[in-house]
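Close look at the chain arrangement
Below, each chain spelled out in residue letters.
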Amino acid sequence: MALRFYNTLTQLVEPFSTLDGKTVRMYTCGPTVYNFVHIGNLRTFTFQDILRRWLRARGYSLNHVMNITDIEDKIIRDAKAAGKPIEEYTAVYTQAFLDDTATLRLERPERVVAATKHIPEMVEAVQQLTERGHTYVSDGSVYYRISTFPGYGKLSHNDFSGIRAGARVDVDEYDKDDARDFVLWKAAKEGEPSWDTAVGPGRPGWHIECSAMAMKYLGDTLDIHTGGVDLTFPHHENEIAQAEGISGKQFVRFWLHAEHLSIDAQKMSKSLGNFYTLRDLLKQGFAPEAIRYLLASVPYRKKLNFTFEGLQAAAHSIDRLRNYELRLKTDKFAEGSNPAMEERTHKAIAAFEEALDDDLNTAEALGAVFEYIRDTNTAMDAGDFLAGNAAGALAFLARFDAVFDVLKPSAKEGGLSDEEVETLIAERTSAKKARNFSRADEIRAELSAKGIVIEDTKEGVRWKRA
Ligand SMILES: [Zn+2]
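The text that follows walks through the structure, step by step, so that each part is easy to find. (Residues numbered from 1 in each chain as written. Predicted model: local features only at pLDDT ≥ 70, side-chain atom pairs only at ≥ 80, totals over all residues. Heavy atoms only, no water.)

To continue, consider the overall build of the protein. In terms of regular secondary structure, the protein is built from 14 helices and 18 strands. Dimensions of the protein, computed from the C-alpha atoms along their principal axes, are close to 85 × 50 × 35 Å. Per-residue burial for the protein yields a buried fraction of 53% across its 466 residues. At a minimum sequence separation of 6, the contacts of the protein that also span at least 24 residues come to 76%. Accessible surface computed for the protein: about 21200 Å², of which carbon and sulfur atoms make up 50%. (Helix = DSSP H or I, 4+ residues; strand = E, 2+ residues; numbered from the N terminus. Buried < 20%, exposed > 50% of the residue type's maximum accessible area, 1.4 Å probe, protein only. Contact = heavy atoms within 4.5 Å. Areas by Shrake-Rupley, 256 points an atom, 1.4 Å probe, with all protein chains shown as cover.)

A separate point is empty space enclosed by the protein. Across all of its chains, the model carries 3 cavities of 30 Å³ or more by this definition. Lining of the largest cavity is provided by 14 residues; of these, Met-66, Leu-106, Glu-107, Arg-108 and Pro-109 occupy positions nearest its centre. Residues that form the lining of the largest cavity fall into these classes: 7 nonpolar, 3 polar and 4 charged. There is about 60 Å³ of room inside the second largest cavity. Counting residues per element, the ones that place at least two in the lining of the second largest cavity are α1 (39-57) and α8 (288-297). A total of 3 residues in the lining of the second largest cavity trace back to one element, the largest contributor, which is α1. In terms of residue class, the lining of the second largest cavity is built from 7 nonpolar, 1 polar and 1 charged. (1 Å grid on protein atoms, 1.4 Å probe; cavity = no way out; pocket = protein on both sides within 12 Å on 5 of 7 lines; lining within 4 Å. Points joined across faces, edges and corners; volume = space filled by probe spheres on them. Nonpolar A, V, L, I, M, F, W, Y, C, P; charged D, E, K, R; others polar.)

On to the pattern of salt bridges, then. Counting across every chain of the model gives 41 salt bridges. Salt-bridge contacts for Asp-456 lead to Arg-428; the nearest nitrogen and oxygen are separated by 2.9 Å. Here Asp-456 is found in strand β17 (residues 452-457), whereas its partner Arg-428 is found in helix α13 (residues 418-433), with 28 residues between them in sequence. A single salt-bridge network, built from bridges that share partners, covers Asp-49, Arg-52, Arg-53, Arg-56, Arg-105, Glu-107, Glu-110, Glu-289, Arg-292, Arg-322 and Asp-405. (Salt bridge = Lys/Arg side-chain N within 4 Å of Asp/Glu carboxyl O.)

Turning our eyes to something else, we now look at the coordination of the zinc ion. For the zinc ion, every protein donor is listed as Cys-29 (SG), Cys-210 (SG), His-235 (NE2) and Glu-239 (OE), and the spread of their distances is 2.0 to 2.6 Å. One can describe the site at the zinc ion as irregular: its 4 donor atoms subtend angles covering 75 to 134° at the metal. Here the donor residues of the zinc ion share one chain and are spaced in sequence as C-x180-C-x24-H-x3-E. Of this pair, Cys-210 sits in helix α5 (residues 206-218) while Glu-239 is found in helix α6 (residues 232-247), placing the two residues 29 residues apart along the sequence. What makes Cys-210 buried here is its relative accessible area of 0%. Judged by relative accessible area, which is 0%, Glu-239 ranks as buried. (Donors = N, O, S within 2.8 Å, 3.2 Å for Na, K, Ca; no water. Tetrahedral: all angles 85-135°; square planar, octahedral: opposite > 155°, others 65-115°.)

Axis separation between helix α4 (residues 119-131) and α6 bottoms out at 9 Å; the angle between their running directions is 65°. Considering the angle they form, α4 stands roughly perpendicular to α6. α4 and α6 meet at a crossing whose hand is left-handed. Contact with α4, carried on its side by Ala-125, Gln-128 and Leu-129, involves Ala-241, Gln-242, Gly-245 and Ile-246 of α6 and no other residues of that element. Within the contact of α4 with α6, the residues separate by chemical class into 4 nonpolar, 3 polar and no charged. (Axes fitted to C-alpha atoms, helices over the stretch in contact; angles between N-to-C directions. Parallel < 35°, antiparallel > 145°, perpendicular 65-115°, else oblique. Left-handed = near helix turned anticlockwise from the far one by under 90°.)

What follows covers the side chain of His-236. Relative to the helices and strands, His-236 resides in helix α6. Dropping the residues within four chain positions of it, His-236 is found in contact with Cys-29, Leu-155, His-225, Thr-226, Gly-227, Leu-231, Trp-255 and His-257.

Next up on the list: the sheet that holds strand β14 (residues 261-263). With respect to topology, 3 strands assemble into an open sheet ordered β15-β14-β16, the strand pairing being mixed. The sheet terminates laterally at β15 (266-267) and β16 (304-306), the two strands that pair on one side only. Across the sheet, α1 is in contact with β14 and β16; its angle to β14 comes to roughly 145°. (Pairing = 2+ DSSP bridges.)

Another aspect to go through is the sheet that holds strand β4 (residues 61-68). Pairing between sheet strands relies on hydrogen bonds along the backbone, with the strands arranged either parallel or antiparallel. If you trace the 5 strands from one edge of the open sheet to the other, you get β5-β4-β3-β12-β13, paired in parallel fashion. Each edge of the open sheet is held by one strand with a lone partner, namely β5 (111-114) and β13 (252-258). Averaged over all neighbouring strand pairs, the angle between strand axes comes to 20°, with direction disregarded.

This paragraph deals with unusual backbone geometry. With an omega of 0°, the peptide bond between Phe-233 and Pro-234 qualifies as cis. Along the chain, the position of Pro-234 falls in helix α6. Positive phi, close to 60°, is recorded for Arg-435, a residue that is not glycine. On the secondary structure map, Arg-435 appears in the loop between α13 and α14 (437-449).

Along the chain, the position of Ala-350 falls in helix α10 (residues 339-357). For the pair formed by Ala-350 and Ala-365, sequence separation is 15 residues and the distance between their alpha carbons is 9.8 Å.

So, about helix α9 (residues 308-330). The end-to-end C-alpha distance of α9, which contains 23 residues, comes to 33 Å, matching closely the 33 Å that a straight helix rising 1.5 Å per residue would cover. All of the buried residues in α9 are Phe-308, Gly-310, Leu-311, Ala-314, Ser-317, Ile-318, Leu-321, Arg-322, Tyr-324, Glu-325, Arg-327 and Leu-328. Turning to α9, the residues buried within the fold contact α7 (278-283), α8, β16, α11 (362-382) and α12 (390-404). (Expected span 1.5 Å × (residues − 1).)

All right, on to the environment of Tyr-27 then. On the secondary structure map, Tyr-27 appears in strand β3 (residues 23-28). Note: C-alpha distance between Tyr-27 and His-64 (37 residues apart in sequence) is 5.7 Å. Leaving out residues up to four positions away in the same chain, Tyr-27 has contacts with His-64, Val-65, Asn-67, Cys-210, Met-213, Ala-214, Leu-218, Leu-222, Ile-224, His-225 and Thr-226. A distance of 3.2 Å separates a polar atom in the side chain of Tyr-27 from a polar atom in the side chain of Asn-67. (Polar contact = N/O pair within 3.5 Å; in protein donor to acceptor, adjacent residues only side chain to side chain.)

In short, shape yes, function no, at least from these values alone.
Put into structure tokens, the structure is as follows:
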């Protein structure tokens with residue numbers, strides 16, 4: 001079966017294709033940079049990374065745009081409280097976001113664009129909506145009149161036909177019971193940043209940012225739009241009303257939404273004391289790749305229950321993968337190639353690919369990998385896995401890691417590089433040859449203190465990171 005995704009718009013699993021047959025034009029709602037992102041946000045961004053990598057593995061090229069919301073109600077509130085100019089305040093958290101996503105090995109989208117650098121495009125979008133009769137002005141702010149867009153509600157599958165016409169909402173975030181005409185352009189207020197524009201002095205509403213930037217870089221119709229499930233309403237519903245109100249064409253073909261993350265089956269919140277950023281977890285000594293593994297291991301449309309036991313289990317799974325890779329690279333298998341093993345490898349690759357093609361079923365894909373590792377380890381112990389079978393197994397591991405990206409350990413702060421480890425091991429080997437055993441023991445202790453475990457084997461010294 002071909003690559004397929006669950007589309008929130010149609011509520012169906014649909015075979016995926018792009019409009020032009022080659023390049024995926026994709027948009028992701030990025031962070032609002034008023035604080036560090038928490039692991040719930042990072043779950044969504046990790047899903048997008050797995051999606052990117054699997055689309056590429058399936059032969060597509062990517063044109064992926066992510067916005068940075070750097071002007072918004074919460075930013076204005078928190079920058080004021082910190083006594084800092086908005087730009088200075090948002091620059092810190094923009095950089096922190098880029099650093100955190102890089103630590104988790106999330107690929108950078110082809111374009112990461114800041115809202116404040118696209119004010120003219122947003123003003124033009126508001127003007128176009130006005131020309132087409134979708135807006136009205138009240139107290140200097142411009143609102144979208146949702147009764148002029150008959151498709152309103154089609155993404156969130158809400159029926160808004162009975163709502164009170166003319167009632168409006170000024171805040172960017174609200175629930176579906178509060179569906180009203182939403183603000184496109186907010187009138188300038190004392191003490192708030194504003195731009196002098198053709199639609200009056202003020203600043204953009206949150207929703208218009210995404211439509212304007214998505215259409216500027218990706219055209220009227222996108223292949224994929226992603227985000228957290230909480231953005232479905234009102235944000236994405238409003239994005240559709242804006243974009244389709246301007247172009248008259250379908251805005252997005254596939255809407256993909258990632259589910260929530262909970263902590264110990266509870267909602268993550270600062271008041272419950274279970275609110276974690278990536279930095280909090282790294283400080284507790286967890287490796288970035290263990291966090292990445294845990295966030296990726298649950299299929300994105302399932303709720304992810306984050307626990308510390310789960311995080312430890314993720315670290316353990318990575319150990320098993322690395323030990324297996326090490327065994328493939330260093331064990332001396334008997335000459336020849338066992339056709340049954342080749343067959344087993346092909347079966348594993350097919351199961352892995354079929355799982356990811358099935359709306360990115362990462363849990364099943366990992367299942368295929370570990371079942372294969374168990375079977376081939378058993379075959380190695382029995383002497384049925386031969387030297388000629390290793391290349392296929394390593395190729396499968398590489399295919400897995402091109403998506404999951406957890407095999408290479410992250411450099412620990414103050415840790416040794418691979419080259420430094422090799423140099424110390426060579427020095428230890430010479431020390432032993434020279435019967436300088438105290439120096440050899442010293443080097444082993446030094447490596448161990450820095451988290452490097454060495455093992456003397458018939459084939460020489462093996463080492464790994466603990
Ligand atoms: Zn957005």
